[in-house]
Amino acid sequence: MTSHAPTNASPAAPASQTLSRGIRILEILAQTRGDLSIDDVAHQLDVHRSIAYRLLRTLEDHGLVVRHLSGRVALGPATAALAAGVAPDLQAVARPELTAAADELGMTCFLSVFHRSECITLVSVEPRDAIATMAQRPGTRHPVTVGAPGKVILSLISPAEWPGAVSDGLRAELREVDARGFATSHDEVISSVQSVAVPLAVRDRSPAAVAVVYVAPVRNAEAIAARLTRAAAAIRNALGG
């Protein structure tokens, strides 16, 4: 296993509760497939509706949130500029490789990065000619201890850096990942969804994974992993990793 600088320290209590709540609203909206009412936001934040309203108004003033005529809210256009500024070189290099792999495999292909104890989707591309695919939105997150991308990311870091308790079953899976170079998962993050992932290790960057997600009968995981490995190698080489 390749050791990296610790990146999964537990967060301390927020220095600014207001700022923390505002950021949490953006996270909630990013993970929502559609818009939310102010009451929905207040419920998920566990705050009074008036507090949620004031936070949303501030985010709206900065273009980070938009409010529809119905009163429901969604992420605003300014968030696109923020997202584009996250690891722009990695996104620029990864996107064409993910596009080629997605079109060849007929599956949504994405790149996930490790942050603290989570796996976060940075770039996602859906195949152009597929009739129906499983979407994977940028910003989607889940614990690094579940799902194929999480498993290959854990395989890149030392056990001392693993977040929390790792079951004996997962440890056995990680040994398999080390041996064969890829991971698979099904029904772990989302019911009925399957994933195949390969590791992406680039010097001086957080551990990452190149993966596909799909809802379909079992496919040839080895063939999928081989194609993803080529994509990961191209990304790593372009970044001088």
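All values reported here derive from a predicted model rather than from experimental measurement.

Caption draft 1: Broad picture of the overall build of the chain. Secondary structure assignment for the chain yields eight helices and eight strands. For the chain, with 241 residues in total, the buried portion stands at 41%. Looking at the chain alone, contacts between residues at least 24 apart form 57% of all its contacts between residues at least 6 apart.

Caption draft 2: View of the packing of aromatic side chains. On inspection of all chains with the given rule, the structure shows zero aromatic pairs. Above the plane of the ring of Phe182 lies Arg180, whose end atom (NZ or CZ) is 4.5 Å from the centre.

Caption draft 3: Up close: the pairing of strand E4 (residues 118-125). In terms of burial, E4 is largely enclosed, as seven of its eight residues are buried. Taken together, the seven bridges between strand E3 (residues 108-115) and E4 define a ladder with antiparallel strand orientation. Bridge assignment links Cys109 to a residue of E4, and that residue is Val125. Count of turn residues in the E3/E4 antiparallel hairpin: two residues, of which Arg116 carries a positive phi of about 55°. Two elements, E4 and strand E5 (residues 141-143), share three bridges in a ladder whose sense is antiparallel.

Caption draft 4: Main features of helix H5 (residues 88-105). Look at H5: 25 Å from first C-alpha to last across 18 residues, which is about the 26 Å you get at 1.5 Å a residue. Restricting attention to buried positions, one finds in H5 the residues Leu90, Gln91, Ala94, Leu98, Ala101, Ala102 and Leu105.

Caption draft 5: The packing of helix H1 (residues 17-30) against helix H2 (residues 38-45), seen in detail. Running from amino to carboxyl end, H1 crosses H2 at an angle of 115°, the nearest separation of the two axes being 11 Å. The hand of the H1/H2 crossing is right-handed. From H1, Arg21, Arg24, Ile25 and Ile28 reach across to H2, where they touch Val41, Gln44 and Leu45. Here the contact of H1 with H2 is composed, by residue class, of four nonpolar, one polar and two charged.

Caption draft 6: Seen up close, the sheet that holds strand E7 (residues 194-200). The six strands are arranged E5-E4-E3-E8-E7-E6 in an open sheet whose pairing can be described as antiparallel. Each edge of the open sheet carries a strand with a single partner, namely E5 and strand E6 (183-186). Here the strands of the sheet are splayed against their neighbours by 30° on average, with no regard to which way each runs. Sheet analysis places E6 next to E7, joined by four bridges and oriented antiparallel.

Caption draft 7: Spatial organisation of the packing of H2 against helix H3 (residues 49-61). Contact pair H2 / H3: the axes reach a minimum separation of 8 Å and the direction vectors enclose 110°. Judged on the interaxial angle alone, H3 and H2 are roughly perpendicular. Between H2 and H3, the contacting residues are Ile38, Asp39, Val41, Ala42 and Leu45 on the first element and Arg49, Ala52, Tyr53, Leu55 and Leu56 on the second. Grouping the constituent residues of the contact of H2 with H3 by class yields eight nonpolar, no polar and two charged.

Caption draft 8: Looking closely at the nonpolar core. Ranked by size, the top nonpolar core spans 29 residues in total, and within it Leu111, Val196, Val210, Val212 and Leu228 carry the most contacts. If you list the elements that add at least two residues to this core, you get H5, E3, E4, E7, strand E8 (208-214) and helix H8 (221-238). Excluding its chain neighbours within four sequence positions, the residues that come into contact with Val210 are Leu98, Cys109, Phe110, Val196, Ala197, Val198, Leu200, Leu228, Ala232 and Ile235. One finds Cys119, Val144, Val152 and Val166 within the second-largest nonpolar core, a separate group that totals 20 residues.

Caption draft 9: Structural view of empty space enclosed by the protein. Scanning the model with the defined rule gives one cavity of 30 Å³ or more in all. Its volume calculated, the largest cavity comes out at about 40 Å³. Elements with a contribution of two residues or more to the lining of the largest cavity: H3 and strand E1 (65-67). Grouping the constituent residues of the lining of the largest cavity by class yields five nonpolar, no polar and three charged.

Caption draft 10: Expanded view of the pairing of E8. With seven of its seven residues buried, E8 lies for the most part within the structure. Residues of E8 alternate between two faces, with Ala208, Val210, Val212 and Tyr214 on one and Ala209, Ala211 and Val213 on the opposite face, all of them buried. Summarising the sheet, E3 and E8 pair through six bridges and their orientation is antiparallel. Paired with Thr108 across the two strands is Val213, which belongs to E8. Pairing geometry for E7 and E8, over seven bridges, is antiparallel. For Gln194, the partnering residue across the bridge sits in E8 and is Tyr214.

Scoring rules and cut-offs
- Residues numbered from 1 in each chain as written.
- Predicted model: local features only at pLDDT ≥ 70, side-chain atom pairs only at ≥ 80, totals over all residues.
- Heavy atoms only, no water.
- Helix = DSSP H or I, 4+ residues; strand = E, 2+ residues; numbered from the N terminus.
- Buried < 20%, exposed > 50% of the residue type's maximum accessible area, 1.4 Å probe, protein only.
- Contact = heavy atoms within 4.5 Å.
- Phe/Tyr/Trp six-rings, centres within 6.5 Å; stacked < 30°, edge-to-face > 60°.
- Lys NZ or Arg CZ within 6 Å of the ring centre and 35° of its normal.
- Pairing = 2+ DSSP bridges.
- Expected span 1.5 Å × (residues − 1).
- Axes fitted to C-alpha atoms, helices over the stretch in contact; angles between N-to-C directions.
- Left-handed = near helix turned anticlockwise from the far one by under 90°.
- Nonpolar A, V, L, I, M, F, W, Y, C, P; charged D, E, K, R; others polar.
- Parallel < 35°, antiparallel > 145°, perpendicular 65-115°, else oblique.
- Core = buried A, V, L, I, M, F, W, Y, C linked by side-chain atoms within 4.5 Å.
- 1 Å grid on protein atoms, 1.4 Å probe; cavity = no way out; pocket = protein on both sides within 12 Å on 5 of 7 lines; lining within 4 Å.
- Points joined across faces, edges and corners; volume = space filled by probe spheres on them.

None of this, on its own, says anything about what the molecule does.
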